[in-house]
Amino acid sequence: MINFTIAYSWWWLALILLVSAALSFLLYFRNPKEEFPKIWVWILIFIRFSIFSMLGFLLLSPMIKSWESTIDKPVIILAMDNSKSMIMGKDSSILRQQNSYLWNQIAQKLGEKYQVESYLFGEELSQANQPNFSANQTDISRLFDNLIPKYQYRNVGALVLISDGIYNLGSNPIYQIGDISYPIYCVGVGDTTSHRDLFIKDIIHSKHVFVGNQFPIEVSVGSKKLNNTNARLVVSSKGKVLASKKITFLSDNEMQKHSFLIDATEVGLMPLRVVIESAETEPNLLNNIKTSFVDALGEKKKILFLFDSPHPDIAAFTEMLNQSDEYELELMNFNQATVQLKRYNLIVFHQLPNSSPRSSSIIQQAIKEQIPMVVFLGSKTDIPFFNALNLGIRIEAKTKSTVSSIAVANADFVSFTMDNRLVKLFEELPPLQTPYGKYSTASNVQTVVYQQIGSVKTAFPLIAISEMAGKRDVFFAGEGIWRWRMKDFLENGSHQLTDDFMLKLIRFASLNQQKSRFDIQWKPQFFTQDLIDFNAFFYNAAYEPILDAVIQMEITDEQNKRFDFTFSKLNESYYLNIGSFASGAYRFKAKVNYHGESFEKVGSFSVISIDQEALNLEADHGLLKKLAANSEGEFFRQKEVDKLIQKLLNSQEIKERINQRLEFKEAINFSVWLWLIIILASVEWFIRKQLGSY
């Protein structure tokens, strides 16, 4: 149904009709020069009246109001577990074939009547045409976290979930479905039989140790249906047995923890291979071996943290730094600081300089000694003193006040890579309290994270780095980092994303750039599913970036197999992504020859295989039954999939939905009005012309 509505009172239309009629009569009855036959006079009056009326009507801004109806076809969401556990068994090729057939069968049959939208889930959720069962972990809760808000206003008939019910990442999915508005139909695959099994659940140790010291490792092992079983736990490295222990499992299902002291004998990555050996026959031997890596360091880097007064950020920074064994932190009030700054590899200034001239003198001394710095600004920072230090960031502020600033990642920042999950988390993090004012940066300053004040995204730095003559500094233009860690824990169950980001900034600043014009940055540890990347920086004698060099890298695995790569230029640095590598320890050598000068950097990294999918192959159909029951759905076994398809095809609850949308369109935008006016004006002119007028 179509209706007209206008922006003014309808009485205006009556006035327009009256005025149009009056003008038309005046034109043809009060014009003594023209005498037309009476019938033609009335026709011409009507035409001119119509033209005036339409023009006047359009001046009232008329709107065409109409209801638009659309038919919303029911949606069936098809989600399948794409993890490795789905095909781990006696014959993985048959399991792969069966599960793929199940996926295609449901999608094809239901697609004949409904709109089927398919998803695969493992560590992440993705839309795909075909499963490949390659995910190293399973997070069922992420499926609901993404789908429930996405389909909140869609006509969803049902969610068909195909899984073995095993999850090893994220939270319990039972608590994630909430008040889901559509039923979940679960198809249980996998073997629910509990088999005889010995397994290594976890290896716990420090990521970094120091050469010449002993370090502890804790190994968690377990058994299923193997009471009164003897086994041997062996820890080895590079083929050499470092420690072993005989253990006994006294009950059918038992968990044990065993500790070992291991000697760190040489600098570099030290692979630790833990094996549980037994004479018992087990269907699953993949979980009897687990490998981890320890980075043996020469000495710790010393960090001095100077502060004005106690603050939650100090505790957060301390806790973050304690996650890494690379650094030795010393906290000190700047008023008590009488130490020699040369002893430290990095100095952190929290809300300094303040109003005390002594704080500025300490920073000036650190600048003179070429010691890298991390500077936290806040409500107690003296902005004029800070500007006087000429650190590369300047704040023009008329009053001393703070403003809430939301973090927005700089998409063009390339000095090191940021986790995509962290970039998304920035949107959810609480704002920092930053000094209010207009920020400007020198050419040697790069913004890592921008400030968003309210809904306005600014070019002001929230987190920035600077580099001058090989010395690097980091700036936090606000206080409240402790809230970031709390939000990270609330969203992800750990502080890993924010802590890793902070440690990257610390490593960036603490690298000794004065001894080399060639620098490589990398992460020392990856997982098998990670994309491994490196950043390279190359400078001339004045520490200006050189951008036309060819940087090559040789990577060698434990069998001395060599892989050659070449870096690509990326803005004012170089970047290399080598893809995913198999589990193991790797050494690399990066080199560049430029105008007769040769530079070289060596290092190492490890790739760890996540064996969580192999740790437990006992399907948990009980979980799937609870998901179905809590959403008013139903559970089906794999062999009952035809019943599921028929139930959904014959369901009276799943039906098309008619959506109606009210639309307003401006009448003046329709060309019909223009053509009517042109046609009427042309007819009037033609009649007058035929009657001897103009």
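You'll find the structure just up there.
Each value, and the rule that gives it
- Residues numbered from 1 in each chain as written.
- Predicted model: local features only at pLDDT ≥ 70, side-chain atom pairs only at ≥ 80, totals over all residues.
- Heavy atoms only, no water.
- 1 Å grid on protein atoms, 1.4 Å probe; cavity = no way out; pocket = protein on both sides within 12 Å on 5 of 7 lines; lining within 4 Å.
- Points joined across faces, edges and corners; volume = space filled by probe spheres on them.
- Nonpolar A, V, L, I, M, F, W, Y, C, P; charged D, E, K, R; others polar.
- Pairing = 2+ DSSP bridges.
- Helix = DSSP H or I, 4+ residues; strand = E, 2+ residues; numbered from the N terminus.
- Contact = heavy atoms within 4.5 Å.
- Axes fitted to C-alpha atoms, helices over the stretch in contact; angles between N-to-C directions.
- Salt bridge = Lys/Arg side-chain N within 4 Å of Asp/Glu carboxyl O.

Peer 1: An account of the layout of surface pockets is requested, with residue identities and associated values reported.
Peer 2: If you add up the space inside the second largest pocket, you get close to 620 Å³. Around the second largest pocket, the lining is made up of 30 residues, and of these M88, G89, D191, H195 and L617 lie nearest the centre. A per-class count over the lining of the second largest pocket returns 11 nonpolar, 11 polar and eight charged.

Peer 1: Please give an account of the sheet that holds strand β3 (residues 75–81) that cites residues and values.
Peer 2: Pairing is mixed in the open sheet, where six strands are placed in the order β5-β4-β3-β6-β7-β36. Each edge of the sheet is formed by a strand with only one pairing partner; in this case those strands are β5 (125–126) and β36 (634–637). For strand β7 (residues 184–188) and β36, the ladder comprises four bridges, and the chain directions are parallel. Following the sheet pairing, G188 is matched in β36 by R637. Against the sheet, helix α4 (residues 140–150) touches β3, β4 (115–121), β5, β6 (156–163) and β7, its axis set at about 165 degrees to β6.

Peer 1: Can you break down the pattern of salt bridges residue by residue, with the values?
Peer 2: Tallying each qualifying case throughout the model produces 17 salt bridges. E319 is paired through a salt bridge with R485; the nearest N and O atoms lie 3.5 Å apart. One end of the pair, E319, is in helix α5 (residues 312–321); the other, R485, is in helix α9 (residues 481–492), and 166 residues separate them in sequence. Ionic pairing is found between D564 and R562, a salt bridge with its closest N-O pair at 3.1 Å. Three or more residues joined by partner-sharing salt bridges are found here, namely E554, R562, D564 and K591.

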